[in-house]
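Coordinate analysis (summary)
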Amino acid sequence: MDNNLFKNIEKKTGVNMKDVFELANSVQGANFKDEQTVRNLVRRVSQIANKPVPKEKEDKIVKAITDNGQSLDFGTIAKMINKK
């Protein structure tokens, strides 16, 4: 992929692409029915996006993913974090 593209994304979002790729690699083969695994992923996305997530919202996100078998990716968690 074009390195300039990633640099532009980093500038616009403030999100380090290396962190995004590390997160993507960590979710491969992860057990999304395991509450602690999902909780750790939600916290990591929150940290990468520099968006604090209140405990109550974290609990709702984790429950939605573990109970409903919702597919999990960076975008899904980011949307949940940004929901008001």
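Everything discussed here concerns the structure shown above.
Keep in mind that this is a model prediction, so the values were computed, not measured.

1. Focus on the overall build of the protein chain
Per the secondary structure count, the protein chain includes 5 helices and 0 strands. Each helix (α) and strand (β) of the protein chain, taken in turn from the N terminus, gives the series α-α-α-α-α. Expressed as a percentage of the 84 residues in the protein chain, the buried residues total 30%. Considering only intrachain contacts with a sequence separation of at least 6, the fraction spanning at least 24 residues in the protein chain is 49%. Accessible surface computed for the protein chain: about 5900 Å², of which carbon and sulfur atoms make up 50%.

2. What to know about the packing of helix α3 (residues 35-49) against helix α4 (residues 55-68)
The contact between α3 and α4 brings their axes to 9 Å, and the two run at 130°. By the criterion of interaxial angle, the relationship of α3 to α4 is oblique. Where α3 crosses over α4, the handedness of that crossing is right-handed. Only K55, E58, D59, I61, V62, I65 and T66 of α4 make contact with α3, whose side of the interface consists of E35, V38, R39, V42 and R43. Broken down by class, the residue content of the contact of α3 with α4 amounts to 5 nonpolar, 1 polar and 6 charged.

Quick notes on the rules
- Residues numbered from 1 in each chain as written.
- Predicted model: local features only at pLDDT ≥ 70, side-chain atom pairs only at ≥ 80, totals over all residues.
- Heavy atoms only, no water.
- Helix = DSSP H or I, 4+ residues; strand = E, 2+ residues; numbered from the N terminus.
- Buried < 20%, exposed > 50% of the residue type's maximum accessible area, 1.4 Å probe, protein only.
- Contact = heavy atoms within 4.5 Å.
- Areas by Shrake-Rupley, 256 points an atom, 1.4 Å probe, with all protein chains shown as cover.
- Axes fitted to C-alpha atoms, helices over the stretch in contact; angles between N-to-C directions.
- Parallel < 35°, antiparallel > 145°, perpendicular 65-115°, else oblique.
- Left-handed = near helix turned anticlockwise from the far one by under 90°.
- Nonpolar A, V, L, I, M, F, W, Y, C, P; charged D, E, K, R; others polar.

These results come straight from atomic positions and should not be treated as a statement about function.
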